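# Observations on chain architecture
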Amino acid sequence: LNGISRTISARYYKDGSEVLVPQKKGVNPRRLTPRECARLQGFPDTFKIPVSDVQAYKQFGNSVTVPLIQAVGRELVKTLV
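Residues numbered from 1 in each chain as written. Predicted model: local features only at pLDDT ≥ 70, side-chain atom pairs only at ≥ 80, totals over all residues. Heavy atoms only, no water.

### Observations concerning the pattern of salt bridges
Per the counting criterion, the structure on display carries 3 salt bridges. The partner of Glu36 in a salt bridge is Arg30, with the nearest N and O atoms 2.8 Å apart. The partner of Asp45 in a salt bridge is Arg39, and the shortest N-O contact between them spans 2.7 Å. Arg39 gets classed as partly exposed once you look at its relative accessible area, which sits at 44%. (Salt bridge = Lys/Arg side-chain N within 4 Å of Asp/Glu carboxyl O. Buried < 20%, exposed > 50% of the residue type's maximum accessible area, 1.4 Å probe, protein only.)

This is how it looks when you write it as structure tokens:
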């Protein structure tokens with residue numbers, strides 16, 4: 001829960017088995033909600049998700065994690081300068 005997440009693929013909507021959230025003992029783990037997928041990809045909570053859950057899973061699975069790319073870019077600039 002506090003570690004690093006596995007990659008969310010665009011096919012997450014099918015079964016969501018690659019990233020599951022543990023629940024209390026005796027209860028099966030659940031898959032991420034579209035909002036949780038958005039958060040993992042760096043979208044703010046104010047980001048509106050105006051599409052169905054299936055479409056949201058596809059879109060977040062295909063998106064680029066902007067905060068990560070920004071951090072990599074900053075490090076590249078430091079190295080090149």
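### A short note on the side chain of Glu36
Structurally, the position occupied by Glu36 is in helix H2 (residues 34-40). In this view, Glu36 contacts Arg30 and Arg31; residues no more than four positions away in its chain are not counted. (Helix = DSSP H or I, 4+ residues; strand = E, 2+ residues; numbered from the N terminus. Contact = heavy atoms within 4.5 Å.)

### Topic: helix H3 (residues 53-62)
Turning to H3, its buried residues number three or more, namely Ala56, Tyr57, Phe60 and Gly61. On an axial view of H3, the arc spanned by its buried residues comes to 125 degrees, and they lie on one face. Looking at the packing, one finds that the buried side of H3 touches helix H1 (12-15), strand E2 (30-31) and H2. (Arc of directions from axis to C-beta.)

### Some points on the environment of Lys58
In this structure, Lys58 sits in helix H3. With 37 residues separating them along the chain, Lys58 and Val21 place their C-alpha atoms 19 Å apart.

### Digging into a nonpolar patch on the surface
Together, Val64, Leu68, Ile69, Val72, Leu76, Val77, Leu80 and Val81 make up an exposed nonpolar region whose accessible area comes to about 830 Å². Relative to the elements of secondary structure, Leu76 occurs in helix H4 (residues 66-80). (Patch = residues over 30% accessible without salt bridge, like charges linked within 9 Å, V, L, I, M, F, W, Y side chains within 5 Å. Areas by Shrake-Rupley, 256 points an atom, 1.4 Å probe, with all protein chains shown as cover.)

### Points about the nonpolar core
If you look at the biggest cluster of nonpolar residues, it comprises 10 residues: Ile8, Tyr12, Val19, Val21, Leu32, Cys37, Ala38, Ala56, Tyr57 and Phe60. For this core, the secondary-structure elements that each account for two or more residues are H2 and H3. Element by element, the count of residues in this core is highest for H3, at 3 residues. Not counting the four nearest positions on each side in its chain, Phe60 is found in contact with Pro34, Cys37, Ala38, Gln41, Phe43, Phe47 and Ile49. (Core = buried A, V, L, I, M, F, W, Y, C linked by side-chain atoms within 4.5 Å.)

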